Every structure is written in structure tokens, then in C-alpha cells.
Amino acid sequence: MPGLFKRAVATLGGLLAAVGIAHAADNPKEIRLDYAYYSPPSLVLKRFGWLEEEFKADGVPIKWVLSQGSNRALEFLNSGSVDFGSTAGLAAVLSKANGNPIKSVYVFSRPEWTALLVAKDSPIKSLKDLKGKKIAATKGTDPFLFLLRSLHQEGLSKSDVEILALQHADGRAALEQGRVDAWAGLDPLMAGSEIQAGSRILHRNVAFNTYGFLNTTEDFAKRHPEQVRRVIAAYEKARKWIIANPAETARLVSEEAKLPLEVARLQLKRNDFSNPVPGAEHVSALKAAAPILVEEDLVRKGTNVGAVIDALVEPAFAKSVVK
């Protein structure tokens, strides 16, 4: 009996050790996320350290990487530099259509974060006046795609204007310095240019602003589904905190992004944080926007963009978390 007992204990110990090893193997060595000034929930999480707290007991460190735009976040995801990246919805569609293996698992906001701006003393009064003009825009981002859709609405195409491919901050500087005639802006830089330089919104269309998506890689979602849910739960905590604390959120964004408080307030005023679960509403909006990707030859010929969108938007993780 003693021998049998010892063998049983040894067997049980081996099983427990195996379970422990399997659990450890399920945890990534670290979780890498972007933070972005256009994503207030990411700034809240970074400030309060809620993700660090969540994964402390697992021994999983959190690494934050600054994204200056959707194009940067998507590059980081594609290169494996981050596990989660914050982007505009249509920018994510474009990237996935061109081979970036990502999943959109959460909606961090419904923003009106882009519009077309001109200098305060510009003679330009309408979209038609942009023909032959220089416009700054960041390729692969919502402002760039907003520009193309707005031009198409007026019977113009990108060949009717000169688009200068500048990162968002450089586009703002180019507008304010008079080096371009217009800029496809992105908040909070857009709000800053309005308030600090008197830049004027030439054209706005909230329907042409696609949602703010939190994306992960297909590989990370497959290997670490529980960690995806825990990250989304932290984003949910941040979202609810933002809704409950608008004044404190404005101060936090102002401090994190080094912006005047009135700029942060204007940015937040243009964000809706009410619908975080990706679903039919978001798929429908993206499919309505998708033709511009085909018309402007931004995706390979023959690409079924509708199928790309269906494969991109993954509501299951958020549905299991958001209450």
C-alpha cells in the first residue's frame, strides 16, 4: 500500500505539473499594445496601469508602443511588433485585403475624427475648389480614405489633386505653414489646428468616418483567446470610466497627449463610446465604404472586399466580455 500510495502521489504530482506547464505555455512572454492619441481608452489604460495589474499574477509584462496613425499601428501588427493595434475600420479592411492577418475584436469608439481642413484665410470654399490643389494626407488611414470618398462624392478622383503623403502631424504643419492647400486631418491634431491656428473645416461627413477598432493578429487570437478577452475587459473598464468621468478624461487626454485642455475637450466631444461590440452595424458601414478601395485600385483586382470584411470583424470575444 505505501508503494501504491507513493506512485499515486507521484502520478498526481506529474499531472499537476503538466497542467501548470500547459497553463504557463498558454501565457505569452509579454503583451504588447499600442497607445494612440486618437484612442482615449488606450490612454486611460496606460495611465492607470489596469492591464499591468490584470497580468501581474501571471508574470506577463505589458509593453506600450505609440502609434501615430492607423498606418503605423497596422505596420506594427504586420511585423509582429505589437499584439494589439488601434486603427480606423476602413484602414483595417484595406490592410487585411492586402495580406495583413488581423482580426478586429473591439470598437474603442465611434468617432468623427477626420475632416478636410483649410487655413483660416483660405479662399477655398468647396470640395470642387480643391481641383488641382495640394492636399496632405496619411496613406492607409481613415483621413486618406475620407479624402478619396469626399472627392468621389463631387465627381473628382485622386488624379484631380496632388496628394502629399505626410504623417498626420506633418500634414498639420504643412497646412499651417501654407505648404499645402488642404489637409485630411485627424483628431486630436485636427482639433488643435482648429483651436490654435484657426484652421477651418471645409468638409465634414460623419458617415465617412469609420469606427475605431482594436485589432489583434489572427495568430495571437488563436493561441491566446483568454488573454484577448482579458485585454478587452480592461478596455471595457476604460470605456466605462470615460463615460462616467468626462471632465477627468479630458484632463487625462490633455496631459498624456500634451494638448491644451480645450483641444482635448473638442476631441472627446466628437467621440461616441456607446457601442463597443463589433457587429452588423460595423460590417454594414464598412461594406458601404469598401467600393472606394476598388475604385481607386487600392486592393488587388478581383479582391472580394465584402468577404475580407466578414473575415476581419470578430464579435465573439467582445460578446463574451461586454455586459
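See the structure above.
Residues numbered from 1 in each chain as written. Predicted model: local features only at pLDDT ≥ 70, side-chain atom pairs only at ≥ 80, totals over all residues. Heavy atoms only, no water.

Asks: Outline the overall build of the chain, listing residues and values.
Replies: Helix and strand counts for the chain stand at 16 helices and 11 strands. Its C-alpha atoms give the chain principal-axis dimensions of roughly 95 × 45 × 30 Å. Looking at the chain as a whole, 53% of its 323 residues qualify as buried. In the chain, the share of contacts with a sequence separation of at least 24, taken over all contacts with a separation of at least 6, comes to 79%. For the chain, the accessible area works out to roughly 14100 Å², and carbon and sulfur atoms hold 55% of it. Side-chain charges in the chain split into 42 positive and 36 negative, and the spacing between the mean points of these groups amounts to 3 Å. (Helix = DSSP H or I, 4+ residues; strand = E, 2+ residues; numbered from the N terminus. Buried < 20%, exposed > 50% of the residue type's maximum accessible area, 1.4 Å probe, protein only. Contact = heavy atoms within 4.5 Å. Areas by Shrake-Rupley, 256 points an atom, 1.4 Å probe, with all protein chains shown as cover. Lys, Arg positive; Asp, Glu negative; His and termini not counted. Charge placed at Lys NZ, Arg CZ, Asp CG, Glu CD.)

Asks: I'd like a description of helix α12 (residues 261-269), backed by residues and values.
Replies: All of the buried residues along α12 are Val 263, Ala 264, Gln 267 and Leu 268. The buried residues of α12 occupy one face: seen down the axis, they fall within an arc of 130 degrees. Residues of α12 that are buried sit in contact with α2 (40-48), α8 (189-197), α11 (246-256) and β11 (271-272). (Arc of directions from axis to C-beta.)

Asks: Talk me through the nonpolar core; I want residue IDs and the actual numbers.
Replies: Core analysis: the largest hydrophobic core is formed by 90 residues, its most contacted members being Leu 130 and Leu 293. A total of eight residues in this core trace back to one element, the largest contributor, which is helix α10 (residues 225-244). Counting eight residues, the second largest nonpolar core, distinct from the first, contains Ala 115, Val 180, Trp 183 and Met 190. (Core = buried A, V, L, I, M, F, W, Y, C linked by side-chain atoms within 4.5 Å.)

Asks: Describe the pattern of salt bridges, and please don't skip the residues or the numbers.
Replies: In total, this model carries 19 salt bridges according to the counting rule given. Two residues, Arg 204 and Glu 112, come together in a salt bridge whose shortest N-O distance is 3.0 Å. Residue Arg 204 is found in the loop between β9 (200-203) and β10 (212-217), and its partner Glu 112 is found in the loop between β4 (102-111) and β5 (116-118); the two are separated by 92 residues along the sequence. Under the relative-accessibility criterion, Glu 112 is labelled buried at 13%. (Salt bridge = Lys/Arg side-chain N within 4 Å of Asp/Glu carboxyl O.)

Asks: Outline the pairing of strand β3 (residues 84-88), listing residues and values.
Replies: Here is the key point about a regular strand: its side chains alternate between the two faces of the sheet. Among the five residues that make up β3, five are buried, leaving the element largely enclosed by the rest of the structure. Judged by which residues are buried, β3 turns out to be covered on both faces: Phe 84, Ser 86 and Ala 88 on one side and Gly 85 and Thr 87 on the other are all buried. Bridge analysis of β3 against β10 gives five bridges, and the strand direction is antiparallel. Opposite Thr 87, over in β10, you have Phe 213 as the bridge partner. (Pairing = 2+ DSSP bridges.)

Asks: Give a detailed account of the pairing of strand β6 (residues 134-137), specifying residues and quantitative values.
Replies: Pairing of β6 with strand β7 (residues 162-165), which is carried by four bridges, proceeds in the parallel orientation. Within β7, the position partnered with Ile 135 by the bridge is Ile 163. Regarding topology, helix α6 (residues 142-153) serves as the crossover connection from β6 to the parallel β7, and that connection is right-handed. Pairing of β6 with strand β8 (residues 182-184) involves two bridges; the strand directions are parallel. Along β8, the bridge assignment pairs Ala 136 with Trp 183. (Right-handed = clockwise from strand over helix to strand, strands pointing away.)

Asks: Can you tell me about the environment of Phe 208, naming the residues and giving the values?
Replies: Of note, Phe 208 is situated in the loop between β9 and β10. Judged by its relative accessible area of 14%, Phe 208 falls in the buried class. When the C-alpha atoms of Phe 208 and Leu 145 are compared, they prove to be 8.5 Å apart, with 63 residues separating the residues in sequence. Sequence-distant contacts of Phe 208, that is, excluding residues within four places in its chain, are made with Asp 142, Phe 146, Arg 149, Ser 150 and Gln 153.

Asks: Could you give an account of the sheet that holds β7, naming the residues involved and the relevant values?
Replies: The strand order across the open sheet built from five strands is β7-β6-β8-β5-β9, with neighbouring strands paired in mixed fashion. Two strands in the sheet have a free side with no partner beyond their single neighbour: β7 and β9. Looking at each pair of strands side by side, their axes are set apart by 35 degrees on average, direction ignored. (Axes fitted to C-alpha atoms, helices over the stretch in contact; angles between N-to-C directions.)

Asks: How would you summarise the side chain of Ser 122 if you had to cite specific residues and measurements?
Replies: Secondary-structure assignment places Ser 122 in the loop between β5 and β6. Only 3.1 Å separates the side chain of Ser 122 from the backbone nitrogen of Ile 124, close enough to count as a polar contact. (Polar contact = N/O pair within 3.5 Å; in protein donor to acceptor, adjacent residues only side chain to side chain.)

Asks: Outline unusual backbone geometry, listing residues and values.
Replies: Keep in mind that most residues, glycine aside, have a negative phi and that most peptide bonds are trans. For the bond running from Asp 187 to Pro 188, omega is 5 degrees, close enough to zero to count as cis. Along the polypeptide, Pro 188 turns up in the loop between β8 and α8. Look at Asp 297: it is not a glycine, yet its phi comes out positive at around 55 degrees. As for its position among the elements, Asp 297 is in the loop between α14 (291-295) and α15 (305-312). Residue class for Asp 297 comes out exposed when judged on its relative accessible area of 54%.

Asks: How would you explain the packing of aromatic side chains if you had to name every residue and give the values?
Replies: A complete count under the given rule lists eight aromatic pairs for this structure. Between Phe 48 and Trp 50, the aromatic rings sit 5.0 Å apart at their centres with planes inclined by 25 degrees, giving stacked as the arrangement. With a relative accessible area of 14%, Trp 50 lands in the buried category. Clustering of aromatic rings is evident, with ring pairs tying together Tyr 38, Phe 108 and Trp 113. Positioned over the ring face of Tyr 35 is Lys 46, at 4.7 Å from the centre of the ring. (Phe/Tyr/Trp six-rings, centres within 6.5 Å; stacked < 30°, edge-to-face > 60°. Lys NZ or Arg CZ within 6 Å of the ring centre and 35° of its normal.)

All we've got here are geometric facts, nothing functional implied.
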